[in-house]
Amino acid sequence: MDFSFALVQFLTGLANAGALFLVACGLSLIFGVTRIVNFAHGSLYMLGAYIAYSLAANLSSGAGGGLWSFAIAAVAASVLVGLAGVAMEVLLLRRLYK
């Protein structure tokens, strides 16, 4: 087996495990603090991935592209999903707290 192939597979697995770890830590933290099982983390993670992919694809089709389009898309997706999370908190979860 080629060493570069094994290295790429290892790094891909490490990146996937890191992403799943972040989702699991967020779910654990929210449950520990609020005592509400909030399974929205999975849906917000999926929404963020979709937004980032769509933005990166649209930005890379124009001038430039590459790493900068991915970086801009990742930051923009994070901000948009954060705003969606705040909206869910204010509109839905605060009613459950009462």
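For the structure itself, look to the data block above.
The shown structure was predicted, so the numbers you read here are calculated from the model rather than taken from an experiment.

Engineer: Describe the overall build of the protein chain, naming the residues involved and giving the relevant values.
Structural biologist: Summing up its helical and strand segments, the protein chain has 3 helices and 0 strands in all. Overall, the protein chain shows an N-to-C arrangement of helices and strands of α-α-α. Expected size for 98 residues packed as a compact globule is a radius of gyration near 13 Å; at 17 Å, the protein chain overshoots this value by more than 25%. Scored against the burial criterion, the 98 residues of the protein chain give a buried share of 16%. For the protein chain, contacts bridging at least 24 residues in sequence account for 41% of all contacts bridging at least 6.

Engineer: Please give an account of helix α1 (residues 3–34) that cites residues and values.
Structural biologist: In this model α1 runs 46 Å from its N-terminal to its C-terminal C-alpha over 32 residues, within 8% of the 46 Å that 1.5 Å per residue would give. Positive backbone phi, at 60°, marks arginine 35, one or two positions downstream of α1.

Engineer: Before we move on, can you summarise the nonpolar core with the specific residues and values?
Structural biologist: Nonpolar side chains in soluble globular proteins tend to be buried together. Residues Leu44, Ile51, Ala52, Ala77 and Val81 constitute the largest nonpolar core, which totals 5 residues. Mapped by element, the contributors of at least two residues to this core are α2 (40–61) and α3 (67–97). Among the elements that make up this core, the one with the highest residue count is α2 (3 residues).

Engineer: Any details on the side chain of serine 69? Residues and values, ideally.
Structural biologist: Among the secondary structure elements, serine 69 is positioned in helix α3. Taking the relative accessible area as the measure of exposure, serine 69 reaches 6% and is therefore buried. Look past the residues within four positions of serine 69 in its chain and what remains in contact with it is Ala56, Leu59 and Ser60.

Engineer: Go over a nonpolar patch on the surface, please, and point to the residues and values.
Structural biologist: On the surface, Phe3, Leu7, Phe10, Leu11 and Leu14 cluster together into a nonpolar patch covering about 560 Å² of accessible area. Tracing the chain through its elements places leucine 14 in helix α1.

Engineer: Can you tell me about the environment of threonine 34, naming the residues and giving the values?
Structural biologist: With respect to the secondary-structure elements, threonine 34 resides in helix α1. Judged by its relative accessible area of 28%, threonine 34 is partly exposed. Each C-alpha atom of the pair threonine 34 and tyrosine 97 lies 8.6 Å from the other, and the pair is 63 residues apart in sequence.

Engineer: So what's going on with α3? Which residues, and what values?
Structural biologist: A rise of 1.5 Å per residue sets the reference length of α3, with its 31 residues, at 45 Å; its end C-alpha atoms lie 42 Å apart and thus fit the reference within 8%. By the largest-angle criterion, glutamate 89 marks the main kink of α3, which is about 40°. What α3 keeps buried is the set Ser69, Ala73, Ala77, Val81 and Leu93.

Engineer: Describe the environment of valine 81, listing the residues and the values that go with them.
Structural biologist: Structurally, valine 81 can be placed in helix α3. The spatial distance from the C-alpha of valine 81 to the C-alpha of phenylalanine 70 is 16 Å, given a sequence separation of 11 residues.

Procedures and definitions
- Residues numbered from 1 in each chain as written.
- Predicted model: local features only at pLDDT ≥ 70, side-chain atom pairs only at ≥ 80, totals over all residues.
- Heavy atoms only, no water.
- Helix = DSSP H or I, 4+ residues; strand = E, 2+ residues; numbered from the N terminus.
- Rg over C-alpha atoms; globule rule 2.2 N^0.38 Å.
- Buried < 20%, exposed > 50% of the residue type's maximum accessible area, 1.4 Å probe, protein only.
- Contact = heavy atoms within 4.5 Å.
- Expected span 1.5 Å × (residues − 1).
- Core = buried A, V, L, I, M, F, W, Y, C linked by side-chain atoms within 4.5 Å.
- Patch = residues over 30% accessible without salt bridge, like charges linked within 9 Å, V, L, I, M, F, W, Y side chains within 5 Å.
- Areas by Shrake-Rupley, 256 points an atom, 1.4 Å probe, with all protein chains shown as cover.
- Salt bridge = Lys/Arg side-chain N within 4 Å of Asp/Glu carboxyl O.
- Bend = angle between axes of the 7 residues up to and from the residue.

What is shown is where atoms sit, not what they do.
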